Each structure stands twice: as structure tokens, then as C-alpha cells.
Amino acid sequence: MQDIHRTAWENVRGFEPVSLCDWPGHVCAVVFLGGCNLLCPTCHNHQLAWTPNAVPPVPRSGILGYLKEKAGWLDGVTVSGGEPSIAPGLGSLLLDLRGSGLPVKMDTNGMRPDVVRELLEQDLVQVFAVDVKGPWDRYSVLTGGAADGDRAESRLQSIFTLAGEYPDRFYFRCTRVPGLSEADLETVRGQLPAGFSLRVQKFIPPVGTMADPRHVA
């Protein structure tokens, strides 16, 4: 269970004051948390995901001060990563962000459905953007061996069940990374729960040289 008395602020490794693309239809700020439970070889934020301690932390006071000042013209805050659901004490950070008066969207790979359920029940996140990496039988390759197809299907089926319970609180995305075909995207569409469409995102190559995630401590 998420412990709202702990804090995930020490995991904040990035902040974007204004984004027009991270929450469709919203002008939002973006808070980036370091660390990830997958090892996707095409990861766009690979340094943030695999070596977050190499990225300077962003102070809590600066972010909250900015949100308080700009709340009148922002539509919300997106919490991204890395993978936010693995951050200890995530509830504390989300409570602080909700205290700004702005709704919160969270990006997630869906591999922690227990956390997603708790955040829904605590009403700390208004919308979840769930990244479905590809067809179940491609998951091992797409995640650097961190999640095989059976594990991915089991975890995401739990997410799909939540989406059925909270249909206005979820949407699903897939980034068309190199090697994913149109047939693969059609397979992903078929994996989604009834009534949901798939947002296909353009692949943006990572900046800089990527380390092999299997060799990152």
C-alpha cells in the first residue's frame, strides 16, 4: 500500500514548466521521476530511467512554488518517468501536487496495477496514460528481458479491468519503435479492453549514447 507519510520528492529528476503534448487537450507541467522497472532498449529517457542518480534532483519547493504561481493558466500536471509507480512514497508527492489545485495525470507502463488501483481509490490521479509496449509475444524483446509476455499480459489485464471500472480515467498508448509493424499495432489494438482506442506515438530516438541497461547497477 502507498504510504503517504513517505516522500518521492527525492526521486524527482526533471521538470518541464509547460508542455502542450504530454496530456492531450491540456496545457500542463511535467514532473519526471527517476528509475524504471523495465529495460526497454529504445528508451527515450534512458539516463533518467537507468542512472537517475547521475541527474541532479529538482527541489520540491521550486516546483510547488511554480505550480502555485501558474495554476491559473495551467490545466494540470503530468507525472512521468522513468516509471512513477515504483517510487517509494508516491502518494506524498501526488498529495502535494493536488494541493496546487491542479488535476494530475500519470504515465505508467502498467506493471504495478496494485499501485494504480490504490491511487485511484485515494483519488490522487485523475487520468492514467498506460503504455502498452506491443503484442504480448514481443514484450521480452521490447523490454530488454525485464517482462515476458505472460507477466506483461497478467499485469496489463489487471489494468484493463481497472479501466473497465473507471472508463474515464484511462487511455492507452503505444510508441511505434523500430521493429513494430502495422500488424503489431493492430494486435495491440485487439488486446485493449472494449471501448478503448490506441494512441500511436511517433518514436523519437534517444539523445546521446545509451548504456546497455542489463549492465546498469
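None of these values were measured; they are calculated from a predicted model. (Residues numbered from 1 in each chain as written. Predicted model: local features only at pLDDT ≥ 70, side-chain atom pairs only at ≥ 80, totals over all residues. Heavy atoms only, no water.)

Engineer: Honestly, the overall build of the protein in this entry has me stumped. Any pointers?
Structural biologist: Looking only at helices and strands, one finds seven helices and seven strands in the protein. Helices and strands in the protein line up, N terminus first, as β-β-α-α-β-α-β-α-β-α-α-β-α-β. On C-alpha atoms alone, the protein measures out to a radius of gyration of 17 Å, which is about the 17 Å that the 2.2 N^0.38 rule sets for 217 residues. Taken along the three principal axes of its C-alpha coordinates, the protein extends 45 × 40 × 35 Å. By the burial criterion, 47% of the 217 residues in the protein qualify as buried. Considering only contacts within the protein whose residues lie at least 6 apart along the sequence, 71% involve residues at least 24 apart. Approximately 10200 Å² of the protein is accessible, and the part contributed by carbon and sulfur atoms is 52%. Positive and negative charge centroids in the protein, built from 20 and 24 side chains respectively, lie 4 Å apart. (Helix = DSSP H or I, 4+ residues; strand = E, 2+ residues; numbered from the N terminus. Rg over C-alpha atoms; globule rule 2.2 N^0.38 Å. Buried < 20%, exposed > 50% of the residue type's maximum accessible area, 1.4 Å probe, protein only. Contact = heavy atoms within 4.5 Å. Areas by Shrake-Rupley, 256 points an atom, 1.4 Å probe, with all protein chains shown as cover. Lys, Arg positive; Asp, Glu negative; His and termini not counted. Charge placed at Lys NZ, Arg CZ, Asp CG, Glu CD.)

Engineer: I tried to follow the pattern of salt bridges on my own but got confused; where do I start?
Structural biologist: In a structure, side chains of opposite charge can pair up when their charged atoms sit close to one another. Enumeration over the complete set of coordinates arrives at 13 salt bridges. A salt bridge links Lys70 to Glu69, with the shortest nitrogen-to-oxygen separation between them at 3.6 Å. On the basis of relative accessible area, Lys70 is assigned to the partly exposed category, the value being 22%. When its relative accessible area of 58% is taken as the criterion, Glu69 is described as exposed. With a shortest N-O distance of 3.3 Å, Glu182 and Arg176 are connected by a salt bridge. Members of the salt-bridge network, linked through shared partners, are Lys105, Asp107, Asp131 and Arg173. (Salt bridge = Lys/Arg side-chain N within 4 Å of Asp/Glu carboxyl O.)

Remember, this is a structural readout, not a statement about activity or role.
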